[in-house]
Amino acid sequence: MKSSVIVFPGSNCDRDIAVALEKMQFKNKMVWHKETSLPKSDLIVIPGGFSYGDYLRSGAIAGKSLIIDEVIKAANSGCLVLGICNGFQILTETGLLKGTLLRNKNLKFINKNVNIKVINNDTKFSNKFKKDEILKINIAHNEGNYFTDKNHLEELNKENLVAFKYCDEKGNINEEANPNGSLENIAGIFSQRKNILGMMPHPERMVDEIISNRDGINLFSSLLN
Amino acid sequence: MKITNDIVEKHGLNLEEFSKIKKILKRDPNLLELGIFSAMWNEHCSYKSSRIHLKKLPTKGKQVIQGPGENAGVIDIGDDDAIIFKIESHNHPSYIEPYQGAATGVGGILRDVFTMGARPIALLNSIHFGEPKHPKTKSLLNGVVSGIGGYGNCIGIPTVAGETKFDETYNENILVNAMAVGHAKKNKIFYSKAKGLNKSVVYVGSKTGRDGIHGASMASAEFDENSEEKKPTVQVGDPFTEKLLMEACLELMKDNSIISIQDMGAAGLTSSSVEMASKGSLGIELDLEKVPCREENMTPYEMMLSESQERMLIILEDGKEKAAKKIFDKWDLDFVIIGKTTDTNNLTLKYNNKIEGEIPIDALASKAPIYDRKWIRKKPQKNKVNIKELKKIKIEDALVKILSNPNHSNKSWITSQYDQMVMCDTAQKSGSDAAIIRIHNKDKAIAVSVDSSANYCKSFPLTGGKQIVCENWRNLISVGAKPLAITNCLNFGNPENKEIMGEFAECLEGIKEACEFLDYPVVSGNVSFYNGTNKKNISPTPVIGGVGLIKKLSKPIGHNFKYDNSILLIIGKTFGHLEQSVFLKEIYSINEGMPPEINLHNEKNNGECLLKLINKNLILSSHDISTGGLIVSLAEMSIGSNIGAKIHKPKKLTNSINYFFGEDQARYLIEVKNENLSKVYKILRENNVFYENIGITQSDFFEIENELKISVKNLYKINNEWYNKY
Amino acid sequence: MKLTLEKQFQLNLKKNKLKFSVTVTLKKDVLDPQGKVVQNTLVNMGMNNLKNIRQGKHFEIEVDENDIKIAQKKIDEMCKKLLVNLIIEDYKINKI
Amino acid sequence: MKLTLEKQFQLNLKKNKLKFSVTVTLKKDVLDPQGKVVQNTLVNMGMNNLKNIRQGKHFEIEVDENDIKIAQKKIDEMCKKLLVNLIIEDYKINKI
Ligand SMILES: Nc1ncnc2c1ncn2[C@@H]1O[C@H](COP(=O)(O)OP(=O)(O)O)[C@@H](O)[C@H]1O
Ligand SMILES: [Mg+2]
C-alpha cells in the first residue's frame, strides 16, 4: 500500500508517522507542501505538529498551501486521508471535515495517555478494532476541543461518523474522562463517505512496546486489510 | 558624542575597565565601540569572576570529544554516535516576563546544540521559584511552565525531565535553567572556529529588531527598585522560525559547505562574530547596512547589541553561497552575506562604506578582564539537633506533610503541559529518577537528569558541590545508565561579595572532587551571577545536568514497584543524618547544621554495583534515596505503581525519625524478586556493599510495622493535590 | 401578566449592563511572530500591496454596573491584572 | 534640494498607505473556552459584577493603496480568504 505524508513548515510528527507507516510495510513518500502534485497514493496522511507555528488558528495557514488543493481533489475522488492532531485541525480548516477544534477547556497544552473507545469499527480505518474496544493512546495538543453545530452533530451520530470517543478505563464516556472539553467526548470523526479520518490522539506513538504500547497498530493494519 | 563617566557606568563597566579600553584602543571609544566592550566584558560573556575557578574542573576523559569552550559539550556514546549537550540560565528575563523569558531560554539552548550539528532529542529544565505564598510566585510558575512548553512543544522536541523547587530565597529572583541534548554523527560535528581569509560571513534566520538590547549586561547586574523601568525591550520567542532555522541548518550541514557556525545568543551579532574570529585568530569585517532589520532606522549600535532570537552566523567555504542560499530560501529564512574574514585581527564595522568602529578582537576575547575576586571559606557548623529534645511528632503526620508540600508533590500538572513523546523515542518520561531517550533507529539509549541542592550548598558549599554531582550520578544509575559526563549551570549571588564568591569557589571544589573521583567530567556549562536583589542574594544553586548511556535498551527500569510480594532492600548504610533535611525544615523549620557527608568511595562502589545488578536483570525497580529520606523514597515507589509495601523496623534502631527521614547519601532502594534474592545478596557481598532487607511489597497498603498504615490510594491523593489546588 | 413582569425585569437588567471592548496590541518594536507569518502568507496568496499586519487580542466585556466611570475603572483593573501583559502589550478600552 | 525631494517622496508614501483594523469574534453559538476561563479567573479575583466576557482577535493592517473603497475590498478579501474562519467567526472592518 502506498502512502504519502504531507510536510508543512512546522510539522513535527512527520518523521514519527513515517516510521510507523514503514514499520507496517507501507511504501511511504514525504511530500513537501510547496509541491503541486501528489505521488500516486492509497493513503494521504497529514501529520501532527505545529504547522506555521499554529499561528492565526491552528491549521489555518497550512490549509491554504498549494498541495492542499491536490489533497482535496484526491479526497473527493475517494482516496483515504488521515489527519492526526494538527492534521485533523488542517482538515477542518479545509472543510474536508466539518466542525472545528477549539482551545482545550483548561487553556493548557495537554500531553498524556488517555483512553479512547472505538465507536465505529466498520470503516477502512478501523476494521481491525473490535467495537467498543478501549485503547490507551497519547494526546498532545493545545486545541483539541471538538466543536460543531447541532445539525452536524446529529448527522455524526445518525450516520455513525464518530470514530473515537474519550472514555475512562472502564469505557464510561463522561465528563471526567474528557480531557479537553470536546463535544460528546469526540476524539475523532469520519467524513460522510468515511474515507477521511481526523483524530486528535496519536496512533503513530503507540506502535512500539519499548516506547509505549501497541494500541495504535490496528489502525494501520486496518488500512492494509 | 563624548563618552562620559555616566555613560560608561550605564554600560555596566567601571572606570578602571574604561581606562583599560582606552589603553587598548589608544584613544577614546565611540558609543558603538563602548557598547561592544560592555557586551563582551560583562560577566555573562567574559566569565571574568568565574574563569579562574572554572579552569580547575575536570574536563577530560576518554568519553569526551569536546569539553568546555564550544557552544556545547560533545561526548562519545560508541559506534559513530555523539551526544551534544549544554545547560544555560535565563533567570533575569524570566522574572521580568516569565513566558517569553523561559521560552527564549529554551530557544537559546537549542541553538547551542544544533549549531554543532546535532539534532536535539531532549529538553530538560531546572526551575526555582519563591515561596508559594509570595504574591508573584503563582503567575511566575504559570508563565515559566507554559513558556517552556510553548517553545519545546512547537518545535517538536520532547521535554522529558527537570526539577521544580520553591524556596523563600528565590522570592525576588527565580531561576530558569534550560538544558538541551542532541545527537550527531561523530564525524559530523561543527565548531565555531573561523578559518581562511576572505570567506563569506553569512547571516541567517530572523530579522534583527530592537529586542533585549543590553540583555547581556542586564544578566550581569543585580535587580534594584529601578529595574522595572530599565526594562529593555523584551525578546519574544518564535519557535516556528527556530524550527525552520534548525531544519535549514541541519540540511546545510549534510554537505561540506560550512567552515564555522555560531548561534547569536547573548550579545547577538557582537559575540558571535568575535568568538568565531577569536578562535580562528582572524579579523572579521561586517557591512552593517546589509543586516536584515525588522524596524526602520536601526543604528549600528542597535544592530550589534540586539538580542533578537533565532539567528545564526555562518562562515562558508568559497563558492558554496548559492547552494546554501537555496536551502534557506526553501525554509523562508533570511540569508545575507554581511561580511568577510580578514587578516587584520580586528572587528571592523562598516556602515554604508564608512568605518563606524574598529576593535582588536583579542581585546574583546582573550584580553577581557579576569578577576581573582576575594573569597572566604565557610566555617563548618556544629551538628546539634537532638531529635529527642524536639516536640514529638507522628511519622505518619510528618510523611503526609512532606508528600503534600509543593517540592515533593507530584509534578504532572507541569509535565503534562510538555510534549514528552514527540519523536517517539522517549522510553521513560519525567517522573522517574532520569528520563530515557532511545537513539533513533538503534537499541541503545541515553538517560538524562538535572539536579540541585541549594540547602546543602548554602550550609556547606564544599559538601554541597560534591553532593549534587553524586545525586545526579545516582539518578542515572537508578535507571540503569552508566553516567558519562555533565554540564553545569552555576546560579549564584553577587560575586563582588566575598562570602558569595566563597560559596562559588567551594561549590566548584566539591564538584571537581566528585567529578574526578567518579570519572564524570564537565563538558559544558554556564555561570549566572548577580542573582539577588538589594544585597539579598539567593542561596548558591549550582545545577548539574548529567548524561548516561544504556547500551542495550529493553523495557526500561523505573522507580515504580512492579509486583506484590517482592523483596525490598536498601543499598548503602543508614546513619540517620537529620541536619539540613527536609524533615527538620518542613516540620520544625530548623535550618542549622551540616549537610550529610559524602563518601565518594561508597558512592562509586554502591552505584557501580547497582548498575551491575540492573544489567544482570536482577532488579525489578530502583530508586535513589534523596530529600525526605528512606520513607519518602519508598512512598514515591508506591504512589507511582499503586502497589503498597510492608516495612519492618530494624532491630537495633536508635530512633525511627532518624532512620526514616535521615538523608544519608549513597543509598538506593531496590525491589527484587524472591527467587533472585540470593544472587543479589551474593553480588552485593562480593562487592562489599552494605545492604539491609527492609520488607516486602504488598497490595493496597503502605505500612510500617507498629508505626503507620495508609492506603496507597490515600497516599496518591495526598501527593497529587497541591498543584491542582494552588 | 407574568410575561410583562419578566420583561420589566429584563429591561432593568439591561439598564444595569454596560458593554466595553478592549483591544490589546503588542508594543511597537516587540516581535509579532504571528503577524509576520500571516503577512507572508497573505503576500504569497497574491495580496501584494499589503504593507504591514500585526495581530492583537480583542475582548468584549459586559459588566453589571450603571455608572460608566466606575465600570471603566473596573475594566481597566481587569486589563492591568489579567488581560494585558503590560510588559509587551498596550491596550485601549472603548464603550460599545 | 535633495532633502526636500526625499521628504516629498516620504509624504507620498504616507499618502498611499491606508490603515484598517479588523476585529474577529466567535459567532454567538460557538463555545468560547478562552473567554470562559478568563471570566472565571476574573470572578475569582473578585470582579463580581462581571457579566460576560468573550475573546476575539484584532488585526491592524496597512495597505499601499489610496482608494479607500478598493482598500476596503482588499481587506475584506484577506478576511474571507485567511484571517477569518467564516464557519465559526464573524468580523468587522474599520478604517483607522
Ligand atoms: N560552569 C561551567 N562549567 C564548564 N564550562 C563552562 C561553565 N560555564 C561556561 N562554560 C563554558 O564556557 C563557554 C562559554 O559559555 P557561554 O558564554 O555560556 O556559551 P554561549 O556563548 O554558547 O552561550 C562554553 O563553552 C561553556 O560550555
Ligand atoms: Mg552559543
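Okay, so let's go over this structure. (Residues numbered from 1 in each chain as written. Chains lettered and ligands numbered in written order. Predicted model: local features only at pLDDT ≥ 70, side-chain atom pairs only at ≥ 80, totals over all residues. Heavy atoms only, no water.)

**Some remarks on the interface of chain D and chain C**
The interface of chain D with chain C comprises 31 residues on the first partner and 31 residues on the second. Regarding the contact of chain D and chain C, the summed buried area is about 3000 Å², with carbon and sulfur atoms giving 67% of it. On the chain D side of the interface with chain C, the three residues burying the most area are D:Asn49, D:Lys51 and D:His58, jointly 20% of the side's total. Broken down by secondary-structure element, the contributors of at least two residues to the side of chain D that touches chain C are strand 1 (17–26), helix 2 (33–44), strand 2 (50–64) and helix 3 (68–83) of chain D. For the side of chain D that touches chain C, the element with the most residues is strand 2 of chain D, which contributes 15 residues. Per-class residue counts for the side of chain D that touches chain C are 12 nonpolar, 8 polar and 11 charged. Relative to strand 2 of chain D, strand 2 (residues 50–64) of chain C runs antiparallel, the two sharing 13 bridges. Within strand 2 of chain D, the residue paired with C:Leu50 across the bridge is D:Val63. (Contact = heavy atoms within 4.5 Å. Buried area = accessible area lost by both parts, 1.4 Å probe. Helix = DSSP H or I, 4+ residues; strand = E, 2+ residues; numbered from the N terminus. Nonpolar A, V, L, I, M, F, W, Y, C, P; charged D, E, K, R; others polar. Pairing = 2+ DSSP bridges.)

**Side note on the relation of the copies chain D and chain C**
When chain D is brought onto chain C, the operation consists of a screw motion whose angular component is 180° and whose axial shift is 0.0 Å, with 0.2 Å RMSD remaining. One copy is carried onto the other by what is essentially a two-fold rotation axis. Relative to the rotation axis, the C-alpha of D:Lys57 is the closest in chain D, positioned 2.2 Å from it. Comparing contact sets, 100% of the residues at the interface of chain D also lie at the interface in chain C, consistent with an isologous, same-surface contact. (Least-squares fit on C-alpha atoms with pLDDT ≥ 70 in both.)

**Brief notes about the side chain of A:Asn28**
Residues and elements named next belong to chain A. Considering the arrangement of structural elements, one finds Asn28 in strand 2 (residues 27–32). Within the structure, Asn28 has its side chain in polar contact with the side chain of Ser3 (distance 2.8 Å). Apart from the residues lying within four places of it in its own chain, the contact partners of Asn28 are Ser3, Ser4, Val5, Ala18, Leu21 and Glu22. (Polar contact = N/O pair within 3.5 Å; in protein donor to acceptor, adjacent residues only side chain to side chain.)

**Some thoughts on the coordination of the magnesium ion (ligand 2)**
Residue and element names in this part refer to chain B. Around the magnesium ion (ligand 2), the protein contributes the donor atoms Asn71 (OD1), Asp112 (OD) and Asp263 (OD), at 1.9 to 2.7 Å from the metal centre. Each donor residue of the magnesium ion (ligand 2) belongs to the same chain, with the gaps between them written as N-x40-D-x150-D. One end of the pair, Asn71, is in the loop between strand 1 (64–66) and strand 2 (73–76); the other, Asp263, is in strand 8 (residues 258–263), with 192 residues separating them in the sequence. Neither residue differs from the other here; Asn71 and Asp263 are each classed as buried. (Donors = N, O, S within 2.8 Å, 3.2 Å for Na, K, Ca; no water. Buried < 20%, exposed > 50% of the residue type's maximum accessible area, 1.4 Å probe, protein only.)

**A few points about the pattern of salt bridges**
Counted according to the given criterion, the structure contains 69 salt bridges over all chains. One salt bridge connects B:Glu686 with B:Lys682, and the closest N-O pair in it is separated by 3.3 Å. Of this pair, B:Glu686 and B:Lys682 both sit in helix 25 (residues 677–686), 4 residues apart, which is roughly one turn of the helix. Where D:Lys81 meets D:Glu77, a salt bridge forms, and the shortest distance between an N and an O atom there is 3.2 Å. Of this pair, D:Lys81 and D:Glu77 both sit in helix 3, separated by 4 residues, roughly a single helical turn. (Salt bridge = Lys/Arg side-chain N within 4 Å of Asp/Glu carboxyl O.)

**A closer look at the pairing of strand 18 (residues 522–528) of chain B**
All names here are of chain B. In terms of residue burial, strand 18 counts as a mostly covered element, since 6 of its 7 residues are buried. Sheet analysis places strand 17 (residues 482–491) next to strand 18, joined by 6 bridges and oriented parallel. Bridge pairing in strand 18 places Ile486 opposite Val522. A crossover connection joins strand 17 to the parallel strand 18 through helix 20 (residues 498–518); in handedness this β-α-β unit is right-handed. (Right-handed = clockwise from strand over helix to strand, strands pointing away.)

**Quick word on the site of ligand 1**
Residues and elements named next belong to chain B. If you check the shell around ligand 1, you find 17 residues, and the closest are Tyr47, Gly69, Glu70, Glu88 and Asn488. Here an oxygen atom of ligand 1 and a side-chain polar atom of Tyr47 are 2.7 Å apart. Take Glu70: an N or O atom from its main chain is 2.6 Å from an oxygen atom of ligand 1. Contact with the protein chains hides 86% of the accessible area of ligand 1, taken as 550 Å² for the molecule alone. Residue assignment for the shell around ligand 1 shows that the elements contributing at least two residues are strand 3 (81–89), strand 17 and strand 18. Tallied by class, residues from the shell around ligand 1 come to 7 nonpolar, 6 polar and 4 charged. (Near = heavy atom within 4 Å. Areas by Shrake-Rupley, 256 points an atom, 1.4 Å probe, with all protein chains shown as cover.)

**A few points about the state of the cysteines**
Joining two cysteines, a disulfide is a covalent bond between their sulfur atoms. Enumeration according to the criterion identifies 0 disulfides over all chains in this entry. The structure places no disulfide on A:Cys167, whose sulfur is separated from the nearest cysteine sulfur, that of A:Cys85, by 19 Å. Just so you know, B:Cys470 is unpaired, no disulfide at all, and the nearest cysteine sulfur is the one on B:Cys515, 8.7 Å from it. Note on B:Cys470: relative accessible area 0%, which makes it buried. (Disulfide = S-S within 2.5 Å.)

**A closer look at unusual backbone geometry**
Residue and element names in this part refer to chain B. Backbone geometry at Tyr530 places phi at a positive 60°, although glycine is not the residue there. Within the element layout of this structure, Tyr530 appears in the loop between strand 18 and strand 19 (532–533). A positive phi angle is found at Ala666, which is not glycine, with a value near 60°. Note on placement: Ala666 falls in the loop between helix 24 (656–661) and strand 25 (668–672). Judged by relative accessible area, Ala666 falls into the buried class, the value being 5%.

**A few points about the sheet that holds strand 9 (residues 162–167) of chain A**
Backbone hydrogen bonds hold the strands of a sheet together, and the pairing may be parallel or antiparallel. Residue and element names in this part refer to chain A. Across the sheet, which stays open at both edges, the 9 strands sit in the order 2-1-3-4-11-10-9-6-7 with mixed pairing between neighbours. Here the strands that pair on one side only, and so sit at the sheet edges, are strand 2 and strand 7 (134–141). Across this sheet, the average inter-strand angle for adjacent strands is 25°, counted without regard to direction. Pairing analysis gives 4 bridges linking strand 6 (residues 110–118) to strand 9, with the strands arranged antiparallel. Bridge pairing in strand 9 links Val118 to Phe164. Against the sheet, helix 2 (residues 66–76) contacts strand 1 (2–7), strand 2, strand 3 (43–46), strand 4 (80–84) and strand 11 (196–199), and its axis sits at roughly 135° relative to strand 3. (Axes fitted to C-alpha atoms, helices over the stretch in contact; angles between N-to-C directions.)

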